Amino acid sequence: METPSPSVRIVEVGPRDGLQNIPDLIATTKKIELVLRLEKAGLRTIELTSIVSPRKVPQLSDCRQVLQDSSVRQRLKNPRLRLPVLVPNIKGYDIALENGAKEVSVFVSATEGFSQANINCTVEQGIQRAQEVASTAAQAKVPVRGYVSCIFADPYDGPTSPAAVLHCVRALLDAGCYEISLGDTLGVGSPAKVHSLIEYLVNNGISTTKLAGHFHDTYGQAVANVWEAYKSGLRVFDSSVAGLGGCPFAPGAKGNVATEDLAYMFQDAGVETGIDIPRLVETGVWVSRLLSRTNASRAGTALAIKARSRLPSKATPSSRWVLAIDANGLQLYRAGLNLKVVLNRPRNGNALTESMISELTAVVASASTDSAISRIIITGKGKYFCTGMDLGKGSSPVAQGESASEAQFERLTELFEAIDQCPKVTIACLNGPAFGGGVGLAFACDVRLCVSTATVTLSEGKLGLCPATISKYVIREWGMAFAREAMLSAQPIGPEQLKSLGLVADVAKDPEELERCLEELLMRLRAVSPDASRMSKELVRLAWNDAGGEKQATGVKCLFDEMMKPGGDGAHGVCEFQSGRRVDWDTYYDKCSKSKL
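Residues numbered from 1 in each chain as written. Predicted model: local features only at pLDDT ≥ 70, side-chain atom pairs only at ≥ 80, totals over all residues. Heavy atoms only, no water.

Visitor: Could you give an account of the layout of surface pockets, with specific residues and numbers?
Guide: Empty space within the second largest pocket amounts to approximately 780 Å³. In terms of lining, the second largest pocket is formed by 38 residues, of which the most central are V52, P88, F107, N118 and I119. A class-by-class count of the residues in the lining of the second largest pocket yields 17 nonpolar, 14 polar and seven charged. (1 Å grid on protein atoms, 1.4 Å probe; cavity = no way out; pocket = protein on both sides within 12 Å on 5 of 7 lines; lining within 4 Å. Points joined across faces, edges and corners; volume = space filled by probe spheres on them. Nonpolar A, V, L, I, M, F, W, Y, C, P; charged D, E, K, R; others polar.)

Visitor: Let's hear about unusual backbone geometry: which residues, and what values?
Guide: For C150, which is not glycine, the phi torsion reads 55° and is therefore positive. Looking at the element boundaries, C150 is found in the loop between β6 (144-149) and β7 (153-154). Although it is not a glycine, A490 adopts a positive phi angle of roughly 55°. (Helix = DSSP H or I, 4+ residues; strand = E, 2+ residues; numbered from the N terminus.)

Visitor: Can you break down the packing of aromatic side chains residue by residue, with the values?
Guide: In this structure the tally under the stated criterion is ten aromatic pairs. Ring centres of Y230 and F266 lie 5.4 Å apart, and the angle between their planes is 65°; this geometry places the pair in the edge-to-face category. Of this pair, Y230 sits in helix α10 (residues 222-231) while F266 sits in helix α11 (residues 259-268); the two residues are 36 residues apart in sequence, bridging distant segments of the chain. The class of Y230 is buried, set by a relative accessible area of 10%. These aromatic residues form a ring-pair network of at least three members: W227, Y230, F237 and F266. Over the ring of Y147 we find R16; its NZ or CZ atom is 5.8 Å from the centre of that ring. (Phe/Tyr/Trp six-rings, centres within 6.5 Å; stacked < 30°, edge-to-face > 60°. Buried < 20%, exposed > 50% of the residue type's maximum accessible area, 1.4 Å probe, protein only. Lys NZ or Arg CZ within 6 Å of the ring centre and 35° of its normal.)

Visitor: I'd like to hear about the environment of E282, residue by residue, with values.
Guide: In this structure, E282 sits in helix α12 (residues 277-291). Apart from residues lying up to four places away in sequence, E282 is in contact with N328 and E359. (Contact = heavy atoms within 4.5 Å.)

Visitor: Run through the nonpolar core, naming residues and quoting values.
Guide: Grouped together as the largest cluster of nonpolar side chains are 80 residues, with contacts concentrated most on V87, V148, F237 and F266. Setting aside residues up to four positions removed in sequence, F237 forms contacts with V8, R9, I10, V11, G213, V226, A229, Y230, L262 and F266. If you look at the next biggest cluster of nonpolar residues, it comprises 67 residues, including I427, V474, L518 and L525. (Core = buried A, V, L, I, M, F, W, Y, C linked by side-chain atoms within 4.5 Å.)

Visitor: Which residues make up the domain arrangement of the protein, and what are the values?
Guide: Along its sequence, the protein is carved into domain 1 (11-309), domain 2 (322-526) and domain 3 (530-595). If you average the C-alpha positions of domain 2 and of domain 3, the two centres end up 27 Å apart. For the pair domain 2 and domain 3, the summed buried area comes to about 1,200 Å², and 47% of that belongs to carbon and sulfur atoms. The largest contributions to the domain 2 side of the interface with domain 3 come from L337, R476 and R526, which together make up 45% of the buried area. Put simply, domain 2 and domain 3 have four salt bridges between them. Between D586 and R375 there is a salt bridge whose closest N-O contact spans 2.5 Å. Between domain 2 and domain 3 we count seven residue pairs in polar contact (both at pLDDT 80 or more) in total. Among the elements of the structure, α15 (402-421), β16 (425-430) and α17 (471-478) are those that each provide at least two residues to the side of domain 2 that touches domain 3. Here the side of domain 2 that touches domain 3 is composed, by residue class, of four nonpolar, four polar and seven charged. (Domains from an automatic or database assignment. Buried area = accessible area lost by both parts, 1.4 Å probe. Salt bridge = Lys/Arg side-chain N within 4 Å of Asp/Glu carboxyl O. Polar contact = N/O pair within 3.5 Å; in protein donor to acceptor, adjacent residues only side chain to side chain.)

Visitor: Could you give me a rundown of the pattern of salt bridges, with the residues and numbers involved?
Guide: Under the defined criterion, the tally for this structure stands at 32 salt bridges. Taking the shortest distance from any N to any O, the salt bridge between K40 and E354 comes out at 3.8 Å. Taken together, the residues span a long stretch of sequence, with K40 in helix α2 (residues 28-40) and E354 in helix α14 (residues 354-368) at a distance of 314 residues. Here the residues in one salt-bridge network are K30, E33, R37, K40, E354, E410, R411 and E414, joined through shared partners.

The structure is reproduced here in structure tokens:
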């Protein structure tokens, strides 16, 4: 066995192997966003896509679009990143290079049945195709990585002999592959089998420095298999964020070992991976939510829950805000049933970065289903409330191509929709001026407070832009005529005018008074049932979307039935009224939550 190394290299296969078996087509922009998130989490080898038949693997039919994206092209030029593309033959190799790929991967099966089902050829024919690619790539000085599938068993032929694996490994190494990934495609391996196979390969002249491990988790052995392979000398491992994966040609095979699980295991053992685990966990939560699937990473799920549990309990008075999280340009405070989100980029006018937009969307979405939260407050730190999306050099998505534009549109739309559709009471505290998207952030909320120095400016027109994603909320709250004039003039609107039009509930002379105004508002809101607030918001939404229409009538009837049902907030509120008592709904919800523990 080789001398142990203090570090390992993780090959992230989520964008290719992880997504290829997802039946619902995923937008190309989301696939690219996944790659960018993984890079930000510290992954330095990320398998981008595969040049495959659209008929056999429709999920990867956009392989050319992925490679042609401007942000991907930029990263393909980065010598610190490895972004291999899987190719089945020389034609696929040519397509990959034509579209900018700098590294490719080839694959063979160690068994005949899987080879026929997967690439419609014998094992030897598969090896010949891989050799042709590797030979051509060598002349162009393009690195080639090799895969050997079904190292322990074949879904059609049964157990795989170690000799068959050795034959494929030797053939790919002789062809010029710099590394061979051993794939337990069915996930039937165990630590004993892993040790035995690696020992067999080493005894037959294969160096562990030329091997990588690729384990699936069908029988829950993947992490254990990685650790056994590590102890046996391997230092490179394939994995997929959130445990995404499975093979379309191996019925019943589960996903790849989760990247989060490997990162956690190796970190705990003092083995360096270079991965930012909190960011990786965020990515796993994000992609699982995107795909509407359960996060298959045990460590990722536990760490995400632990991060959420850092929010203090509900029992603190609303005047005593407790800082819970400070990361990614956001600060989260808790007090009672109130959650305060503070935009924390004062030097940049609290301009919204991509990560801030995604994080804020996730926070609102999480709070929307949290019974321990009744109200969400959004405010800023420093001179400005929010100056809109970040337009700094190197960070602005403007004029960066269609995919960057599409991704930013989806991010902003999801953010404003999350706030608008949130069943909790949302409050914007404008500690200073708001511009562009910052105006949308304020007016997607239910209620607004501001200081006397706060203005709102639909400034997009001055930059040749328009308030596209926020227009829905601005026009709804301001009215068409006033919104039109504000958009066309791009002039600031002062707090007194906002107050006279009913667009802000109160104006404070300074930040200290703004905080007192917020406290008074929160105390008033304690007198209103959170369920009643949710239903009232739905009534307003119905009136805006379908005033006088059938949907509004049906919706009103459903809400009426809901408020009259036994056991609801209405039943409790009326009972207390009949007894001559006023309800403090925060106290009531706090007691209800404790009684369920």
